[in-house]
2 protein chains.
Amino acid sequence: MNSLFRIALDTMSGDNGLQAVVPAALDSLKKHNDLFLILIGDEQQLKDELSRYKQLSNERLSIRHSTQVVTMEDAPASALRNKKDSSMRVAINLVKEGEADAAVSAGNTGALMATGRFVLRMLPGIDRPAICTAIPSTTGHTYMLDLGANIDSSAKHLYQFAVMGTELARAIDGKEKPRIGLLNIGQEDIKGNEQVKAAHELIKQGGFNYIGFVEGDDIFHGDVDVIVCDGFVGNVALKSSEGVAKMLSQELKKSYTKNIFTRFAALVSLPVLRSFQHRFDHRRYNGASFLGLKGIVIKSHGGADRLAFANAISIARKEVMEKVPGKIERHLKKLMETDS
Amino acid sequence: MNSLFRIALDTMSGDNGLQAVVPAALDSLKKHNDLFLILIGDEQQLKDELSRYKQLSNERLSIRHSTQVVTMEDAPASALRNKKDSSMRVAINLVKEGEADAAVSAGNTGALMATGRFVLRMLPGIDRPAICTAIPSTTGHTYMLDLGANIDSSAKHLYQFAVMGTELARAIDGKEKPRIGLLNIGQEDIKGNEQVKAAHELIKQGGFNYIGFVEGDDIFHGDVDVIVCDGFVGNVALKSSEGVAKMLSQELKKSYTKNIFTRFAALVSLPVLRSFQHRFDHRRYNGASFLGLKGIVIKSHGGADRLAFANAISIARKEVMEKVPGKIERHLKKLMETDS
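Sequence order sets the numbering: in each chain, residues are counted from 1 along the sequence as written. Labels follow written order: the first chain is A, the first ligand is 1, and so on. The predicted origin of the model limits local features to residues at a pLDDT of at least 70 and limits the giving and counting of side-chain atom pairs to 80 or more, whereas totals for whole chains, interfaces and linings rest on all residues. Derived side-chain values reflect all non-hydrogen atoms in the structure, with water molecules and hydrogen atoms excluded from consideration.

1. Details of the overall build of chain A
Per the secondary structure count, chain A includes 11 helices and 11 strands. For the radius of gyration, the atom set is restricted to C-alpha positions; the globular benchmark scales as 2.2 Å times the number of residues to the power 0.38. The C-alpha radius of gyration computed for chain A amounts to 21 Å, which stays within 12% of the reference 20 Å derived for 340 residues, consistent with globular compactness. Dimensions of chain A, computed from C-alpha atoms along their principal axes, come out at roughly 65 × 60 × 35 Å. The proportion of buried residues among the 340 residues of chain A is 61%. Whether two residues are in contact is decided by their heavy atoms, any of which lying within 4.5 Å being enough. Sequence separation of at least 24 residues holds for 72% of the intrachain contacts in chain A that already meet a minimum separation of 6. The Shrake-Rupley method, run with a 1.4 Å probe, gives the accessible areas here. Residue values count only the displayed protein chains as cover. For chain A, the accessible area works out to roughly 14,200 Å², and carbon and sulfur atoms hold 51% of it. Strands here mean DSSP runs of E at least two residues long; helices mean DSSP runs of H or I at least four residues long; both are numbered from the N terminus. Using a 1.4 Å probe on the protein chains alone, a residue whose accessible area is under 20% of its type maximum counts as buried, one over 50% counts as exposed, and one in between counts as partly exposed.

Right, here's the structure in full:
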């Protein structure tokens, strides 16, 4: 039992609740025989759902009853104060207490972040946590952070993001020297604000495989592995990109259902369109890492379905295997020793 | 001659130089019989190019010789100081002197902005110019500003962008009460930085058709006509969106050329794909407005081709017809009178 990776799943918080989380958990257990999953939520509902899949007695699965649910409307502070028995809080508590190696939740981002910070605390040397996720690119994917945990990030924060992004890309993709880029605006007169300019100097001297400034379109070119940016900017970039991708795929679908001829064209094109859609399926990229905490917390999209939630579990498993928080801590320590 | 709209074209600055600008000019003259175009650049080269199209003596076209060219590498200050006879500078000078009603250039954004500010000056009540362009959405398009002229915009600047965006959407699309949104990040704990929060209060009280905060993906939903944001954020959002759209269309093309079967599928799909591409053709959206100046300056993409540059000319014409700078000035005056 010792070698199993134990992951706590908040089953109650996402839009699809345990109807998505339970089958995702079962899929994950089938896929990875080194996993042990703890389902946190209403015991009766969980048992009902598990019995639907005839999986009431899976030895790599346990249920942990919780009585409360954090809603999307709950303010982080109020969730912290008033929902101490929520599925989200219990999941994070289990990580703190060493009963789980990671927690996955599709709940309220703000509440999850606040709970993670409060219960697990920050790694020494990290001021602020960052949200990081992989975004599909021409040649694979690009990690981007921060995606909304921080606004008005200072140069020092951006530098810390570079450390965390480096360790994540190393751990997940096995890239020894991931290429780091700093998001900026180019060409124009004013090249970046003061924080970005100062971060540029810091990161340059940090021993990274630093390729310098990148722009918004570089997220997709595949020439950089990790893009560092302020959370406001990163959040807007991510949502804009998702928005345009969604619009284009909807409009393409519309174009193909206009009339009999286009429907025929669609029929012939189906395999092409399907393989195209598969490659850029956002569900295959579901699962954002909350980096900088003393523990592993993965945020799934609120609307995640079975496939998407299972992907978030896979990311959690990978971070547990690779001991990402420990690697971030060591990297920081080394940098601080070099400094002094 | 009085009723003609006179537009000065910088023919030397874009990547494609006068090979793109001259045919674009000729197309525009054919399309709009109320246009008069002034081609600024090397006289001999312009004559050679015009004679290729057998258009040496078009009565709605004139040539203005200039000896210098601002390159993409020129720093704005150095372009201002050292290239007083550049095609870019002469185009803006003509607007200042009343010989042209607008200028269009595909040159260096920073130099064009600096030249515009220096020669034309700002409208009273506007602290900083903004770059604004239309971005295709599900239902039409959304104007977004600022796209990179300003970083660290204050609440007051964002408020001024709301005024300018309102007038541009009114002028170009005839929307009496365009819906204004303020770009923010949602859901998360920290909802926006101080500037955005303060701008929210200012815009709320400004008599706009203000719909409140919007997020990155709202650019494409068609529920908002004008999105106001800081230039750093707007630039990243625009470039990210362009990047993902480009990647998706390239990958789609690749999917269709994989093998004989997919080539057949492509053949059958061609009309569908073409109409789809046409709708989102970025060239049809080429032409960013420099708002806030005492005069009309349109920035074309550096890589603009004939079709794209002609679109930038159309935007200039529309802004001249609708007297956009005058409308922005009156709107501001009215707001200031209400304030006091």
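2. So, the sheet that holds strand 3 (residues 61-65) of chain A
The strands making up a sheet associate through backbone hydrogen bonding, with each pair oriented either parallel or antiparallel. Residue and element names in this part refer to chain A. Pairing is mixed in the open sheet, where 11 strands are placed in the order 3-2-1-4-11-10-5-6-9-7-8. Lying at the two open borders of the sheet, with one neighbouring strand each, are strand 3 and strand 8 (209-214). For this sheet the average axis-to-axis angle between neighbouring strands, irrespective of direction, equals 25 degrees. Whether two strands pair depends on DSSP finding at least two bridges between them. Two strands pair when backbone bridges link them, and strand 10 (residues 288-291) and strand 11 (residues 296-299) are joined in this way by two bridges, in the antiparallel orientation. Note that in strand 11 the partner of alanine 288 across the bridge is lysine 299. For helices, the fitted line uses only the C-alpha atoms of the stretch in contact; every axis is such a line through C-alpha atoms, and the angle between N-to-C directions lies from 0 to 180 degrees.

3. Some details on helix 10 (residues 306-321) of chain B
Residues and elements named next belong to chain B. In this model helix 10 runs 23 Å from its N-terminal to its C-terminal C-alpha over 16 residues, within 8% of the 22 Å that 1.5 Å per residue would give. Counting buried residues along helix 10, 12 of its 16 residues qualify, which places the element largely inside the surrounding structure. Ala308, Phe309, Ala310, Asn311, Ala312, Ile313, Ser314, Ile315, Ala316, Arg317, Glu319 and Val320 are the residues of helix 10 that are buried. Where helix 10 begins, the capping side chain belongs to aspartate 305, and its oxygen is found 3.3 Å from the backbone nitrogen of leucine 307. A helix is expected to reach a length of 1.5 Å times the quantity of its residues less one. Nitrogen and oxygen atoms within 3.5 Å of one another constitute a polar contact, given that in protein one can donate a hydrogen and the other can accept it, and given that sequence-neighbouring residues count only through two side-chain atoms.

4. Some remarks on the pairing of strand 10 (residues 288-291) of chain B
Residue and element names in this part refer to chain B. Of the two faces of strand 10, the one lined by Ala288 and Phe290 and the one lined by Ser289 and Leu291 are each fully buried. For strand 5 (residues 130-137) and strand 10, the ladder comprises three bridges, and the chain directions are antiparallel. Looking across to strand 10, one finds that cysteine 132 is bridged to serine 289. Where strand 10 folds back onto strand 11 (residues 296-299) in an antiparallel hairpin, the turn is made up of four residues, including glycine 292, whose phi is positive at roughly 105 degrees.

5. Points about the relation of the copies chain B and chain A
Least-squares fitting of chain B to chain A yields an RMSD of 0.0 Å, with the superposition described by an axial translation of 0.0 Å and a rotation of 180 degrees. Interpreted geometrically, this transformation is the action of a two-fold axis. A shared binding surface is used by both copies, with 100% of the interface residues of chain B retained as interface residues in chain A. The copies were overlaid with a least-squares fit restricted to C-alpha atoms from residues scoring a pLDDT of at least 70 in each copy.

6. Topic: the packing of aromatic side chains
Residue and element names in this part refer to chain B. The aromatic pairing rule takes the rings of Phe, Tyr and Trp, using the six-membered ring of Trp, and pairs them if the centres are within 6.5 Å, calling planes under 30 degrees apart stacked, those over 60 edge-to-face and the rest tilted. Under the definition given, this model contains two aromatic pairs over all chains. Ring geometry for tyrosine 159 and phenylalanine 208: centres 6.0 Å apart, planes at 90 degrees, overall edge-to-face. Of the two residues, tyrosine 159 sits in helix 6 (residues 155-173) while phenylalanine 208 sits in the loop between helix 7 (194-204) and strand 8 (209-214), which places them 49 residues apart along the sequence. Look at NZ for Lys and CZ for Arg. If either is within 6 Å of the ring centre and within 35 degrees of the ring normal, a charge sits over the ring. A cation over an aromatic ring shows up here: arginine 121 above the ring of phenylalanine 118, its NZ or CZ 5.4 Å from the ring centre.

7. Observations regarding the interface of chain B and chain A
Contact residues are listed per partner, giving 60 residues for chain B and 60 residues for chain A. Definition used for salt bridges: Asp or Glu carboxyl oxygen within 4 Å of a side-chain nitrogen of Lys or Arg. On the surface where chain B and chain A come into contact, there are two salt bridges. Of the charged contacts in the structure, one is a salt bridge between lysine 239 of chain A and glutamate 215 of chain B, with a shortest N-O distance of 2.4 Å. Linking chain B to chain A there are three residue pairs in polar contact (both at pLDDT 80 or more). Elements with a minimum of two residues in the side of chain B that touches chain A: helix 5 (109-120), strand 5, helix 8 (231-256) and helix 9 (260-279) of chain B.

8. A short note on the sheet that holds strand 3 (residues 61-65) of chain B
All names here are of chain B. Sheet architecture is open: 11 strands sit in the order 3-2-1-4-11-10-5-6-9-7-8, paired in mixed fashion. Of all the strands in the sheet, just strand 3 and strand 8 have a single pairing partner and so form its edges. Looking at each pair of strands side by side, their axes are set apart by 25 degrees on average, direction ignored. Here helix 2 (residues 43-52) sits on the sheet and contacts strand 2 (35-41) and strand 3; the angle it forms with strand 3, its principal contact strand, is near 150 degrees. In the packing of helix 7 onto the sheet, the strands contacted are strand 7 (179-183) and strand 8, and the crossing angle to strand 8 comes to about 165 degrees.

9. Description of the confidence of the model for chain A
Interpretation of the predicted coordinates at a detailed level should be avoided for regions scoring low in pLDDT. The pLDDT value expresses, per residue, how confident the predictor is, ranging between 0 and 100. Per-residue pLDDT for chain A has a mean of 90; in total, 97% of the residues score no lower than 70. The complex prediction reports pTM at 0.90, with the ipTM value standing at 0.87.

10. Some points on the environment of alanine 111 of chain A
All names here are of chain A. Structurally, the position occupied by alanine 111 is in helix 5 (residues 109-120). C-alpha separation for the pair alanine 111 and serine 78, spaced 33 residues apart in sequence, amounts to 8.6 Å. With residues up to four places along the chain from it excluded, the contact list for alanine 111 reads Val70, Pro76, Ala79 and Met88.

11. Notes on the domain arrangement of chain A
Residue and element names in this part refer to chain A. Domains are outlined according to an automatic or database domain assignment. Each assigned domain of chain A is listed with its residue range as follows: domain 1 (1-122 + 293-322) and domain 2 (127-291). Taken over C-alpha atoms, the centre of domain 1 sits 26 Å from the centre of domain 2. Buried area is understood as the total, over both parts, of accessible area removed when two parts are fitted together, assessed with a 1.4 Å probe. Summing the contributions of domain 1 and of domain 2, the shared interface buries around 1,700 Å²; its carbon and sulfur component is 59%. Considering only the surface of domain 1 that becomes buried against domain 2, Met113, His301 and Glu319 emerge as the three largest contributors, covering 26% of it. Remark: the boundary between domain 1 and domain 2 carries one salt bridge. Between aspartate 305 and arginine 283 there is a salt bridge, with its nearest N and O atoms 2.6 Å apart. Run the count over domain 1 and domain 2 and you get 11 residue pairs in polar contact (both at pLDDT 80 or more). Looking at the side of domain 1 that touches domain 2, the elements that each hand over two or more residues are helix 5, strand 11 and helix 10 (306-321).

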